[in-house]
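Letter by letter, the chains look like this.
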Amino acid sequence: MITSRLLHRKCYQTTAAISQQKRWQHKESVRIGCSSGFWGDTPTAVPQLLYGGNIQYLMSDYLSEVTMSLLVAARSKNPQLGFTPDFLESIAPHLKEIKRQGIRIVTNGGGINPKACVEMLQSLAKKQGVEFSIATVTGDDLMPHREALISEGVKEMFSGKDFPATVNSMNAYYGAGPVVTALNMGADIVVTGRCTDSALALAPLIHEFGWKEDQFDQLAGGSLAGHLLECGAQCTGGNYTDWHKVPHFDNLGFPIAEVRKDGSMLITKAPNTGGLLTVGTVGEQMLYEVGDPRSYVLPDVIADFSNVQMKETSDGVEVSGARGRAPTTTYKISATYLDGYKATCVVNFCGGDTAAKGKLMAEAILKRTRRIFTKVGLADFDNVHIQMLGAEQSFGETHAKYTRESVLWFAVQHKDKKALQIWAKEIAACGTGGTPGITAVVGGRPKPSPCLKLFSFLYPKSKMDATVQLQDGRTETYKAAEVENKSNDTSAQVSDNVTTLATGHNTYRLEDLAYMRSGDKGDSCNIGVIARHPAYLPYIKNVLTEQAVKEHFSHLIQNDGKVHRYDVPGIHGLNFVLESSLGGGGIASIRPDPLGKAYGQILGEIELKNMPHKDDITKS
């Protein structure tokens, strides 16, 4: 760790000196850097921001529904676990420098055990001879109230299903309020459990600027800053449509938001780092994992991003125009529950017509396994997914019909772990009793793992006070206030009208005319589409109707899921939400793309035909 720290210090020493000369003396703007977008992100982001970012606040985001379940499992084995160790590992080598610069840290790395995380952090700081005022935010865990929730007849907010009996985690998405309380108490570092990702940035802005609970436009702007930062390098070139234009993926610059008192901001990054800052990179992130862009529901505000403006500058991307209205009186609660087990087999095939070989072997294994199930009295599989990776089956009927090399993705789900163990044993027989060209079973015999599903519901904020405690014993209770809506309701305006446009003899792929990015929202997937030039948007809208997009993804959408289209005129874009399209969602799906990461790429293959030349469109 010491060697790593010295190398990073040397790498950024040219900007570190500048950083120390430019410490912020007033609050015309606040600079917040994000060092983590998920549990597992690179630890190199911390020194990059610390020695070159000239930041006042460092936010680190680690949590997702999957992460919460993993943390529950970890704590069940050891009561001292349940937080994300990455947080401590990333900042431990730099605690003295963080103290010297006076940088304050906000993280949700506390997971389901923020107190244990804080205790470990205090120990690390003590060993290095530095002291921090560290605050713990608790109260988001509803597991102690499980029986009461069952008696209240709580229903799932999307499907209407009854409360499950096998819940293993249940946490509220807190907003910025508890973190603001901690900062106001003087905390240098705030460690929370579950909270809305964007609140990690919004809270420092409320603390510094003194924004009130009814300053909805400012709160929306601060939430947008957090939303742009929360996925780390996804804002600065990661997962970007024009990936070939992004320099130095080995040293992607992590994002910094320099936010002003009116809620506008500059999105930038540390000097001498890779990555790219354009309307495309930042705009894609704005639409990432968003439903209706006019009604992005957060604990602190209902944000409207539909008319946000973006402009490229020499320093980064200027962002402004977020609007907001009063939040709801409820918190969203995300619970996970056990619903049987799942297992996945990955097998490499080589030679002629590998797609046909893989499918034949998978079906043979299923037939043989089902015969065994009948003999021993086991029910059939709950779910089966067979896909040949490399045969382009993600693209539906347009997939490659003949492949010479591909990989079988063979996943199953069953209530009984023994059933999956029987299935797993039958896979090896294909090595000598199957088709030619089977080269390897990746990872050996598949092992069953718990199949965890998401159960979301709303719960009154009035029943979910947060507790904020500093290590010196001071404790405060945060109670969410009910705020009157003083702004106009900007409910969704969706247009699916086909207009008459000039025609020509050119055919373009959607990717030629637009940027795309996709991500999961439970069992739904969103795809943001941003026209590369405003003049392209009418042509895109004519082709990308809700029905056309549904047909394009018909092989992935289940249960007659609907497709919704929303206008985002501020950045000349559209946002699509595809219901029931992820095979149950990230933590339950047995598909190879459970988070819908490739859906934007799949949509990008749609062809727009009979168009004028692109140059003629932009000139008209």
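For the structure itself, consult the block above.
Residues numbered from 1 in each chain as written. Predicted model: local features only at pLDDT ≥ 70, side-chain atom pairs only at ≥ 80, totals over all residues. Heavy atoms only, no water.

## Observations regarding empty space enclosed by the protein
Point 1. In this structure the tally under the stated criterion is 1 cavity of 30 Å³ or more.
Point 2. Within this model, the largest cavity holds a volume of roughly 40 Å³.
Point 3. Taken together, Ser 64, Glu 65, Met 68, Ser 169, Arg 194, Ser 334, Ala 335, Thr 336 and Leu 454 form the lining of the largest cavity.
Point 4. With 3 residues, strand β14 (residues 330-350) is the single largest residue contributor to the lining of the largest cavity.
Point 5. A per-class count over the lining of the largest cavity returns 3 nonpolar, 4 polar and 2 charged. (1 Å grid on protein atoms, 1.4 Å probe; cavity = no way out; pocket = protein on both sides within 12 Å on 5 of 7 lines; lining within 4 Å. Points joined across faces, edges and corners; volume = space filled by probe spheres on them. Helix = DSSP H or I, 4+ residues; strand = E, 2+ residues; numbered from the N terminus. Nonpolar A, V, L, I, M, F, W, Y, C, P; charged D, E, K, R; others polar.)

## Here's the deal with the sheet that holds strand β22 (residues 514-521)
Point 1. With respect to topology, 4 strands assemble into an open sheet ordered β22-β23-β25-β24, the strand pairing being antiparallel. The strands lining the two open edges of the sheet, one partner per strand, are β22 and β24 (563-568). If you compare each strand with its neighbour and ignore which way they point, the axes differ by 15 degrees on average.
Point 2. Looking at chain direction, β22 and strand β23 (residues 524-531) are connected through 8 bridges and run antiparallel. Note on β23: the bridge partner recorded for Ser 518 is Ile 527. (Pairing = 2+ DSSP bridges. Axes fitted to C-alpha atoms, helices over the stretch in contact; angles between N-to-C directions.)

## A look at helix α6 (residues 114-127)
For an α-helix, the turn length of 3.6 residues means that residues three or four places apart are oriented alike.
Point 1. Taking 1.5 Å of rise per residue, 14 residues should cover 20 Å, and α6 covers 20 Å from first to last C-alpha, within 8% of that figure.
Point 2. For α6, the complete set of buried residues consists of Pro 114, Ala 116, Cys 117, Val 118, Leu 121 and Ala 125.
Point 3. Where α6 is buried, its residues contact α4 (85-91), α5 (95-101), β4 (134-138) and β6 (189-191).
Point 4. Gly 129 occupies a position one or two residues after α6 and carries a positive phi of about 75 degrees. (Expected span 1.5 Å × (residues − 1). Buried < 20%, exposed > 50% of the residue type's maximum accessible area, 1.4 Å probe, protein only. Contact = heavy atoms within 4.5 Å.)

## Let's talk about the sheet that holds strand β13 (residues 323-325)
Point 1. Pairing is antiparallel across the open sheet formed by 3 strands, whose spatial order is β9-β10-β13. Here the strands that pair on one side only, and so sit at the sheet edges, are β9 (296-297) and β13.
Point 2. Looking at chain direction, β9 and strand β10 (residues 302-304) are connected through 2 bridges and run antiparallel. Bridged to Val 297 within β10 is Ile 302.
Point 3. Helix-sheet contacts for helix α10 (residues 216-229) involve β9, β10 and β13, and the interaxial angle to β13 is about 115 degrees.

## Here we look at the packing of α10 against helix α11 (residues 279-287)
Point 1. At a closest axis distance of 9 Å, the pairing of α10 and α11 adopts a crossing angle of 105 degrees. Classified by the angle their axes make, α10 and α11 are roughly perpendicular. Packed against α10, whose contacting residues are Leu 224, His 227 and Leu 228, the element α11 presents Val 282, Gln 285 and Met 286 at the interface.
Point 2. Tallied by class, residues from the contact of α10 with α11 come to 4 nonpolar, 2 polar and no charged. (Parallel < 35°, antiparallel > 145°, perpendicular 65-115°, else oblique.)

## Quick notes on the environment of Ser 159
Point 1. In this structure, Ser 159 sits in the loop between α7 (146-151) and β5 (167-172).
Point 2. For the pair Ser 159 and Phe 455, spaced 296 residues apart in sequence, the C-alpha to C-alpha distance is 9.1 Å.

## What to know about the environment of Asn 526
Point 1. As for its position among the elements, Asn 526 is in strand β23.
Point 2. Between the C-alpha atom of Asn 526 and that of Glu 152, which follows or precedes it by 374 residues, the distance is 32 Å.
Point 3. The residues touching Asn 526, leaving out its near neighbours within four places in the chain, are Leu 287, Tyr 288, Glu 289, Val 290, Arg 517, Ser 518, Gly 519, Asn 575, Phe 576 and Val 577.
Point 4. A polar side-chain atom of Asn 526 sits 3.4 Å from the main-chain carbonyl oxygen of Val 290.
Point 5. Looking at Asn 526, its side chain comes within polar contact range of the side chain of Asn 575, at 2.8 Å. (Polar contact = N/O pair within 3.5 Å; in protein donor to acceptor, adjacent residues only side chain to side chain.)

## Some remarks on the pattern of salt bridges
Point 1. Inspection of every chain in the model, using the stated rule, returns 21 salt bridges.
Point 2. With a shortest N-O distance of 3.0 Å, Arg 474 and Asp 472 are connected by a salt bridge.
Point 3. Note on Arg 474: relative accessible area 39%, which makes it partly exposed.
Point 4. Close ionic contact of Asp 512 with Arg 509 constitutes a salt bridge, the shortest N to O distance being 3.7 Å. (Salt bridge = Lys/Arg side-chain N within 4 Å of Asp/Glu carboxyl O.)

## So, the nonpolar core
Point 1. Core analysis: the largest hydrophobic core is formed by 116 residues, its most contacted members being Phe 87, Met 286, Val 319 and Phe 457.
Point 2. Broken down by element, this core gets its largest block of residues, 8 residues, from helix α9 (residues 199-209).
Point 3. Beyond its immediate stretch of four places on either side in the chain, Phe 87 contacts Ser 60, Tyr 62, Ile 105, Thr 107, Cys 117, Leu 121, Ile 189 and Val 191.
Point 4. Tyr 508, Tyr 536, Leu 578 and Ile 602 belong to the second largest nonpolar core, which has 30 residues in total. (Core = buried A, V, L, I, M, F, W, Y, C linked by side-chain atoms within 4.5 Å.)

## Comments concerning the layout of surface pockets
Point 1. Of the pockets and cavities examined, the second largest pocket occupies roughly 590 Å³.
Point 2. His 385, Ile 386, Gln 387, Gln 393 and Ser 394 are the residues nearest the centre of the second largest pocket, which is lined by 28 residues in total.
Point 3. At the level of elements, α12 (354-376), β15 (383-389) and α18 (599-603) are the ones that each hand at least two residues to the lining of the second largest pocket.
Point 4. In terms of residue count, the dominant contributor to the lining of the second largest pocket is β15 (6 residues).

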